[in-house]
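A look at the structure
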Amino acid sequence: MSTIAISKTSSYDRTMQLLGGMWFMLLALGVAIKIGSSAHDPWPSLLSSVCLAVFYVLLALLVITRPPAKAQANGRLPRIAAFVGTYMPWTIAFFGETDKALPNLASTACVLIGMIMMLVTIRHLGRSFSLVPQARNVVQTGPYRWIKHPLYLAEEIAVLGVVLRSPTPLTAALLVLHIGVQVCRIYYEEDLLRRNCPEYSDYEASRWRVIPYVW
């Protein structure tokens, strides 16, 4: 790779780090403002909002401070899948919400479980976190001892919680589409790690992808 190409790549990475960090901080600010104006909401809703705000701040810090990657997935499709998978599902929150108690309780439970799982997973993933498939190192601690992609599982549980607040055919279709995009991201990530991290072959041979004994 030429010096010019390396410079362009570095500039692109720094720009995306800055924009990604600003985006998640903006989301966290929006949630914090909502918490301030909804102090009389039920405590499960407030707790869910606090977890979400903390999660966004953590994502922002990880995106901004993550180290250079050993390698990155080539082509547009991995990047498109990463951005669609990261940002698309949260648009469901703008579709309104049901006033029925059971879906709202189920939604709160899923969002809380998903957020807690995300925070635990990111704690072990640390600065290896990224949106676009990138190779840094093979994390094998925490939930990674049992499955290869716990962050995708946690995110899908949280997205299910958002869908349960707006249970319509459209939101159900978006959930199915998001699952398909996440599966593509998993295959892109595994291929990249397999080619750039020699220790990944032994690791993946003894772990399930997302759900033990299923896939």
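Position labels on residues start from 1 in each chain and follow its written sequence. Since the coordinates come from a predicted model, pLDDT governs what is reported: local features require at least 70, and pairs of side-chain atoms require 80 or more to be given and counted, while whole-chain, interface and lining totals use all residues. Note that the side-chain values use all heavy atoms of the structure and ignore hydrogens as well as water.

1. Brief notes about helix α4 (residues 101–125)
Stated formally: In DSSP terms, a helix is any run of H or I states spanning at least four residues, a strand is any run of E spanning at least two, and both are numbered starting from the N terminus. The span expected for a helix works out to 1.5 Å for each residue beyond the first. Burial here depends on accessible area, computed with a 1.4 Å probe over protein chains only, as a share of the maximum for the residue type. Under 20% is buried, over 50% is exposed, and the range in between is partly exposed.
For α4, with 25 residues, the first-to-last C-alpha span of 36 Å sits near the 36 Å given by 1.5 Å per residue. Along α4, the residues that are buried comprise P103, S107, T108, C110, V111, L112, G114, M115, M118, T121, I122 and L125.

2. Quick look at the packing of helix α5 (residues 150–165) against helix α6 (residues 169–196)
Spelled out, the test is: Simply put, an axis is a line fit to the C-alpha atoms, just over the touching stretch for a helix, and the angle between two N-to-C directions goes from 0 to 180 degrees. Here is the rule for angles: anything less than 35 degrees is roughly parallel, anything more than 145 is roughly antiparallel, 65 through 115 is roughly perpendicular, and the remaining ranges are oblique. A contact between two residues is defined here by any heavy atoms of the two lying within 4.5 Å. Each residue gets one of three labels, nonpolar for Ala, Val, Leu, Ile, Met, Phe, Trp, Tyr, Cys and Pro, charged for Asp, Glu, Lys and Arg, and polar for the others, Gly among them.
Interaxial distance between α5 and α6 falls to 10 Å at its minimum, and their mutual angle equals 170 degrees. Taken as axis vectors, α5 and α6 run roughly antiparallel relative to one another. In this structure, α5 uses Y152, E155, E156, V159, L160 and V163 to contact α6, whose residues at the interface are T171, A172, L175, H178, I179, Q182, R185, I186 and E189. Grouping the amino acids of the contact of α5 with α6 by side-chain chemistry returns eight nonpolar, three polar and four charged.

3. Quick notes on a nonpolar patch on the surface
In plain terms, the rule: Two joining distances apply to patches: 9 Å for like charges and 5 Å for nonpolar side chains (Val, Leu, Ile, Met, Phe, Trp, Tyr), and every residue must have over 30% relative accessible area and no salt bridge. Here the accessible surface of atoms and residues is derived via Shrake-Rupley with a 1.4 Å probe, and residues count as covered only by protein chains that are part of the display. Salt bridges are defined as contacts in which a side-chain nitrogen from Lys or Arg sits within 4 Å of a carboxyl oxygen from Asp or Glu.
Together, W23, L26, L29 and I33 make up an exposed nonpolar region whose accessible area comes to about 410 Å². Inspection of the secondary structure assignment puts L29 in helix α1 (residues 3–37). Judged by its relative accessible area of 48%, L29 is partly exposed.

4. Digging into the environment of T121
Short version of the rule: Nitrogen and oxygen atoms within 3.5 Å of one another constitute a polar contact, given that in protein one can donate a hydrogen and the other can accept it, and given that sequence-neighbouring residues count only through two side-chain atoms.
Along the polypeptide, T121 turns up in helix α4. Here T121 falls in the buried class, since its relative accessible area comes to 2%. Residues T121 and P143 lie 22 residues apart in sequence; the distance between their C-alpha atoms is 6.5 Å. A polar contact of 2.8 Å, which involves the side chain of T121, links it to the backbone oxygen of M117.

5. Points about the UniProt feature "transmembrane region" (unreviewed entry) in the protein chain
What counts here: UniProt positions are given in the numbering used here, feature names are shortened, and annotations may be inferred rather than shown by experiment.
According to UniProt, the feature "transmembrane region" (unreviewed entry) maps to residues 21–40, 46–65, 77–95 and 101–122 in the numbering used here. Secondary structure over residues 101–122 splits into 100% helix and 0% strand, and the C-alpha atoms at its two ends are 31 Å apart.

6. Section: the pattern of salt bridges
Within this structure, the stated rule accounts for five salt bridges. Between K148 and E190 there is a salt bridge; the shortest N-O distance is 3.2 Å. Placement of the pair is K148 in the loop between β2 (134–135) and α5 and E190 in helix α6, with a sequence separation of 42 residues. The buried category is assigned to K148, whose relative accessible area is 7%. E190 is the salt-bridge partner of R194, the closest N and O atoms lying 3.8 Å from each other. Within this pair, R194 and its partner E190 are both found in helix α6, separated by four residues, close to a single helical turn. You can call R194 partly exposed: its relative accessible area is 36%. Of the residues examined, E190 reaches a relative accessible area of 1% and is grouped as buried. A cluster of three or more residues bridged by salt bridges with shared partners is formed by K148, E190, R194, E204 and R209.

7. Here's the deal with the confidence of the model for the protein chain
Where we set the bar: What pLDDT reports is the predictor's confidence in each residue, on a scale of 0 through 100.
Scored by pLDDT, the protein chain comes out at a mean of 75, with 77% of its residues at no less than 70. Mean pLDDT across the elements of the protein chain bottoms out in β2 (50) and peaks in α5 (87). Below a pLDDT of 50 lies the segment residues 1–8, which in the model reaches two contacts outside its immediate sequence neighbourhood of four places, other chains included.

8. Side note on the packing of aromatic side chains
Note the following rule: Whether two aromatic rings pair depends on their centres lying within 6.5 Å, for rings of Phe, Tyr and Trp, where Trp uses its six-membered ring; planes under 30 degrees apart make the pair stacked, over 60 edge-to-face, and the rest tilted.
Throughout the structure, instances matching the rule amount to three aromatic pairs. Ring geometry for W208 versus Y213: centroids 5.6 Å apart, planes at 50 degrees, classification tilted. We classify W208 as partly exposed; its relative accessible area is 36%. Assessed through its relative accessible area of 73%, Y213 is described here as exposed.

9. Focus on the packing of α4 against α5
Note the following rule: The hand of a helix crossing depends on one turn: near helix anticlockwise from the far one by less than a right angle means left-handed, and clockwise means right-handed.
Contact pair α4 / α5: the axes reach a minimum separation of 7 Å and the direction vectors enclose 160 degrees. Here α4 is positioned roughly antiparallel relative to α5, judged by the angle of their axes. Read as a crossing pair, α4 and α5 show a hand that is left-handed.

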